[in-house]
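Here are the chains, one letter per residue:
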Amino acid sequence: MATELTALLLIRTPLQAWIAERVLKAEGVTRYDLVYFTQNDSTEDKFYYQLLAAGAVRSQYCHVPLKRYDILGHIDFFIQSRTWRRKPSPDLVMLASYDSPVINALASVHKFSRLVTFDDGTANIFTDGLYHLDIVSRRMKLYRCFFRATSPDIFKDRISRHYTIYPGFINIVENARLRYINGWQHYADRADFSVDAKVYFIGQPYEEVLNPAQIGRLEEYLRTKVIHSYVRHPRERSPINIDLPFLDKQGRVAEDAILADAGDRPIHIIGWFSSVMLNLAAIASKRTMILLNDHPASKMQANLALQSGCEIVFI
């Protein structure tokens, strides 16, 4: 009789949950516990929590609304998930967000479990970002100390395998520890190119990453384009003002929702830097990435966009 493989699955976003479902199968996990952390409590969060929880032995949904002082949010997550620190260690601890001090600390408690990680969107291949460069504030260093989180370099050394949906890109571990998951590539031949493409604008929490002037330029550019649907991001609280109908995602990640809505029509996606742009590289007939001339990340974003085959427009 085969030995059961157990895992503790730590999730923070709908995309992570989508990937994790496939990692569980790839790893041959037969029994797993699930802890889902969210500050958004979005329809997508609830959908993917319920999907994964249905197959879990035990599960917990940890919702902490955004707080004025972020340390209070971390403490709340820490308290809600405290019982998982005392449970017997599983064979595997599976996660993406090792930058989160609470998730990192929870994984670090189970020091004899093997770590299996997976992509948290494009953060894993953005080599100037926090998953590659440990450039953090003094406050975050204090958080790591307070929650007893492991430093990123030490944490990454513990990783047994990392699963990615981005082949050909530098990731957080070397190639020997990388495993590739087929994302949406199997839909590549679905489109009927005798009909016009359906155009989707990919939303983002723009208020978190762009200033008002940059958002204004983005809105001005988008009003010159024919776009059919606005694909709202789960964390997006202030949508771009371009008077478009929101796509009914029915709780699914943007990629699945777009494919279901488009049917056999070709797809054109347009937006600022987004994992959706890269995830649908083999599917979309056209991808237009709008970058800001005065944004500090634009050079790295442009490099990734070109490597992925996106059209780039600077504004």
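This one's a predicted model, so the numbers in the text were calculated from it and none came from an experiment.

**Considering the packing of helix α5 (residues 101-109) against helix α6 (residues 138-147)**
- Relative to each other, α5 and α6 sit at 35°, their axes nearing to 9 Å. With respect to the hand of their crossing, α5 and α6 are arranged in right-handed fashion. Between α5 and α6, the residues in contact are Pro-101, Val-102 and Ala-105 and Met-140, Tyr-143 and Phe-147, respectively.
- Class assignment of the residues belonging to the contact of α5 with α6 gives a composition of 6 nonpolar, no polar and no charged.

**Topic: the packing of aromatic side chains**
- For the structure on display, the rule yields 16 aromatic pairs.
- Ring centres of Tyr-166 and Phe-169 lie 6.4 Å apart, and the angle between their planes is 80°; this geometry places the pair in the edge-to-face category. Of the two residues, Tyr-166 and Phe-169, both sit in the buried class.
- Consider the rings of Tyr-230 and Phe-246, whose centres lie 5.0 Å apart with planes at 70°: the pair is edge-to-face. Here Tyr-230 is found in strand β9 (residues 229-231), whereas its partner Phe-246 is found in the loop between β9 and α10 (254-262), with 16 residues between them in sequence.
- Here the aromatic cluster, defined as three or more aromatic residues joined through ring pairs, consists of Phe-201, Tyr-206, Tyr-230, Phe-246 and Trp-272.
- One cation-aromatic arrangement involves Lys-87 over Trp-84; the distance from NZ or CZ to the ring centre is 5.4 Å.
- Here the basic side chain of Arg-232 rests over the ring of Phe-246, its NZ or CZ set 5.2 Å away from the ring centre.

**A few points about the nonpolar core**
- Counting 79 residues, the largest nonpolar core has Leu-9, Met-94, Phe-118, Phe-201, Leu-222, Ile-258 and Ile-269 as its most contacted members.
- Take this core: its biggest share by element is 7 residues, from helix α1 (residues 14-27).
- Within the second largest apolar cluster, 26 residues are counted, among which are Leu-10, Val-35, Phe-37 and Leu-178.

**Focus on the sheet that holds strand β8 (residues 198-202)**
- With respect to topology, 5 strands assemble into an open sheet ordered β9-β8-β10-β11-β12, the strand pairing being parallel. In this open sheet, the two strands that pair with only one neighbour each are β9 and β12 (311-314). Neighbour to neighbour, the strand axes of the sheet diverge by 25° on average, direction disregarded.
- This element, α10, spans β8, β9 and β10 (267-271) of the sheet and lies at about 160° to β8.

**Quick word on the pairing of β10**
- The element β10 is extensively covered by neighbouring structure, given that 5 of its 5 residues are classed as buried.
- Along β10, one buried face is formed by Ile-267, Ile-269 and Gly-271 and the opposite face, lined by His-268 and Ile-270, is buried too.
- Of the pairings in the sheet, the one linking β8 to β10 comprises 4 bridges and is parallel in character. Following the sheet pairing, Lys-198 is matched in β10 by Ile-267.
- Alignment of β10 against strand β11 (residues 286-291), held across 4 bridges, turns out to be parallel. Residue Gly-271 lies in a different strand from β11, and its bridge partner there is Met-289.

**Topic: the sheet that holds strand β4 (residues 92-95)**
- If you trace the 7 strands from one edge of the open sheet to the other, you get β3-β2-β1-β4-β5-β6-β7, paired in parallel fashion. Sheet topology places β3 (58-63) and β7 (178-180) at the edges, where each strand pairs with a single neighbour. Strand-to-strand twist across the sheet, computed as the mean angle between neighbouring axes with direction ignored, equals 20°.
- Against the sheet, helix α3 (residues 70-80) makes contact with β2 (31-38) and β3, and its axis sits at roughly 160° relative to β3, the strand it touches most.

Conventions and cut-offs
- Residues numbered from 1 in each chain as written.
- Predicted model: local features only at pLDDT ≥ 70, side-chain atom pairs only at ≥ 80, totals over all residues.
- Heavy atoms only, no water.
- Axes fitted to C-alpha atoms, helices over the stretch in contact; angles between N-to-C directions.
- Helix = DSSP H or I, 4+ residues; strand = E, 2+ residues; numbered from the N terminus.
- Left-handed = near helix turned anticlockwise from the far one by under 90°.
- Contact = heavy atoms within 4.5 Å.
- Nonpolar A, V, L, I, M, F, W, Y, C, P; charged D, E, K, R; others polar.
- Phe/Tyr/Trp six-rings, centres within 6.5 Å; stacked < 30°, edge-to-face > 60°.
- Buried < 20%, exposed > 50% of the residue type's maximum accessible area, 1.4 Å probe, protein only.
- Lys NZ or Arg CZ within 6 Å of the ring centre and 35° of its normal.
- Core = buried A, V, L, I, M, F, W, Y, C linked by side-chain atoms within 4.5 Å.
- Pairing = 2+ DSSP bridges.

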